[in-house]
Amino acid sequence: MKVLVPVKRVIDYNVKVRVKADQSGVDLANVKMSMNPFDEIAVEQAVRMKEAGTVTEVVAVTLGAEQSQETLRTALAMGADRAIHVVHDGELEPLAVAKMLAKLVEEESPDMVILGKQAIDDDANQTGQILSGLLGWSQGTFVSKVEASDGGVKVTREVDAGLETVALKMPAILTVDLRLNEPRYASLPNIMKARKKEIAKKTPEELGVDTAPRLTIVKVEEPPKRQGGAKVGSVEELVSKLHNDVGVI
Ligand code: AMP
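Summary of the structure given here.

## Comments concerning the sheet that holds strand S10 (residues 172-176)
The nine strands lie next to each other as S9-S8-S7-S10-S6-S1-S4-S5-S11, forming an open sheet whose pairing is mixed. Edge positions in the sheet fall to strand S9 (162-169) and strand S11 (199-202), since each has one partner strand and no second. The average angle at which neighbouring strand axes cross in this sheet is 30 degrees, direction not considered. Sheet analysis places strand S7 (residues 138-149) next to strand S8 (residues 152-159), joined by six bridges and oriented antiparallel. Considered in S8, the bridge of Ser149 is made with Gly152. Lying over the sheet, helix H1 (residues 37-51) contacts strand S1 (2-6), strand S4 (57-64), strand S6 (112-116), S7 and S10, oriented at roughly 145 degrees with respect to S6.

Put into structure tokens, the structure is as follows:
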């Protein structure tokens, strides 16, 4: 079984994001970038399936600017076998990403695509679902457990009411959630080995996909500053504050 894992380069989750003065977006200048954390979990899942013998090849894919190659090198150092970089400068909306992934699926014929449940920069949570719609493949979203089952795959999904287990027919799209696994750190020897692994370059034009944005960002604002907390001396004072100051009881 062959698995495709799309990985996105995003602002590192530890960085305090700053909004640009003209409110057109967030400041990316001199900001640490890393692999989207959910995509690390997706790579880890694919590599574990390879180690368990159920997967024969793991192909990492990214769509983005030249520097996104670093993200592919991380995926290769974690254990992906080879990588594809669709080079594109500027915004890419989930629809365009999913259309390009669909083209790569046509070319590569994987049995499964494992994505993050969402990219932490735009929080869209759309790409896997759109890809599943475009391909007509089964989808298991918000996955926290994956098991092989007769000719398919059984996944546990994190839903509002608890955990839901569904059996998917192959080929399938999975989007992975936080509790699925703890991704490994790439070891130095593997980082060195990853430098020699193949990264194929492509362009959106070669894939025949129009990447023009369909949405206009009107404005980006910082969330309102949080009010500081306060300590209360007694239950009576707490009740009085909740009643008189906050108005919730
Ligand atoms: P989103 O729908 O933008 O929240 O992204 C969900 C998932 O789609 C991510 O976790 C990635 O696995 C994949 N993805 C989104 N954008 C890209 C991109 N530019 N390159 C590679 N993978 C992407």
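## Here's the deal with the side chain of Glu93
Within the element layout of this structure, Glu93 appears in the loop between strand S5 (82-87) and helix H3 (94-108). For Glu93, which is buried and forms no salt bridge, the nearest opposite charge comes from Arg214, at a distance of 5.9 Å. One polar contact links the side chain of Glu93 to the main-chain amide nitrogen of Arg214, over a distance of 2.8 Å. Those residues within four positions of Glu93 in sequence are excluded, and the remaining contacts are Pro213, Arg214 and Leu215.

## Overview of a nonpolar patch on the surface
There is a patch of nonpolar side chains on the surface, built from Val235, Val239, Val246, Val248 and Ile249 and spanning about 470 Å² of accessible area. Among the structural elements, Val246 can be located in helix H7 (residues 235-246). When its relative accessible area of 53% is taken as the criterion, Val246 is described as exposed.

## Some thoughts on the pattern of salt bridges
Here the structure, examined in full by the defined rule, presents 20 salt bridges. Across the pair Asp121 and Lys8 runs a salt bridge, and its minimum N-O distance is 3.0 Å. One end of the pair, Asp121, is in the loop between S6 and helix H4 (127-135); the other, Lys8, is in the loop between S1 and strand S2 (9-11), with 113 residues separating them in the sequence. The exposure class assigned to Asp121 is partly exposed, which follows from its relative accessible area of 40%. Of the residues examined, Lys8 reaches a relative accessible area of 26% and is grouped as partly exposed. A salt bridge links Asp245 to Lys241; the nearest nitrogen and oxygen atoms lie 3.7 Å apart. Taken together, the residues Asp245 and Lys241, both in helix H7 and four residues apart, mark about one turn of the helix. Bridged by salt links that share partners, the residues Lys2, Glu57, Arg82 and Glu108 form one connected network.

## Brief notes about the pairing of S1
Along a regular strand, successive side chains alternate from one face of the sheet to the other. A large share of S1 lies buried, amounting to five of its five residues. What you see with S1 is no split at all: Lys2, Leu4 and Pro6 on one side and Val3 and Val5 on the other are buried throughout. In this structure, S1 lies alongside S4, joined through five bridges in parallel fashion. Bridge assignment links Val3 to a residue of S4, and that residue is Val58. The sheet contact formed by S1 and S6 spans two bridges and is parallel. If you follow Leu4 over to S6, its bridge partner there is Val113.

What counts, and at which threshold
- Residues numbered from 1 in each chain as written.
- Predicted model: local features only at pLDDT ≥ 70, side-chain atom pairs only at ≥ 80, totals over all residues.
- Heavy atoms only, no water.
- Pairing = 2+ DSSP bridges.
- Helix = DSSP H or I, 4+ residues; strand = E, 2+ residues; numbered from the N terminus.
- Axes fitted to C-alpha atoms, helices over the stretch in contact; angles between N-to-C directions.
- Contact = heavy atoms within 4.5 Å.
- Buried < 20%, exposed > 50% of the residue type's maximum accessible area, 1.4 Å probe, protein only.
- Lys, Arg positive; Asp, Glu negative; His and termini not counted.
- Salt bridge = Lys/Arg side-chain N within 4 Å of Asp/Glu carboxyl O.
- Polar contact = N/O pair within 3.5 Å; in protein donor to acceptor, adjacent residues only side chain to side chain.
- Patch = residues over 30% accessible without salt bridge, like charges linked within 9 Å, V, L, I, M, F, W, Y side chains within 5 Å.
- Areas by Shrake-Rupley, 256 points an atom, 1.4 Å probe, with all protein chains shown as cover.

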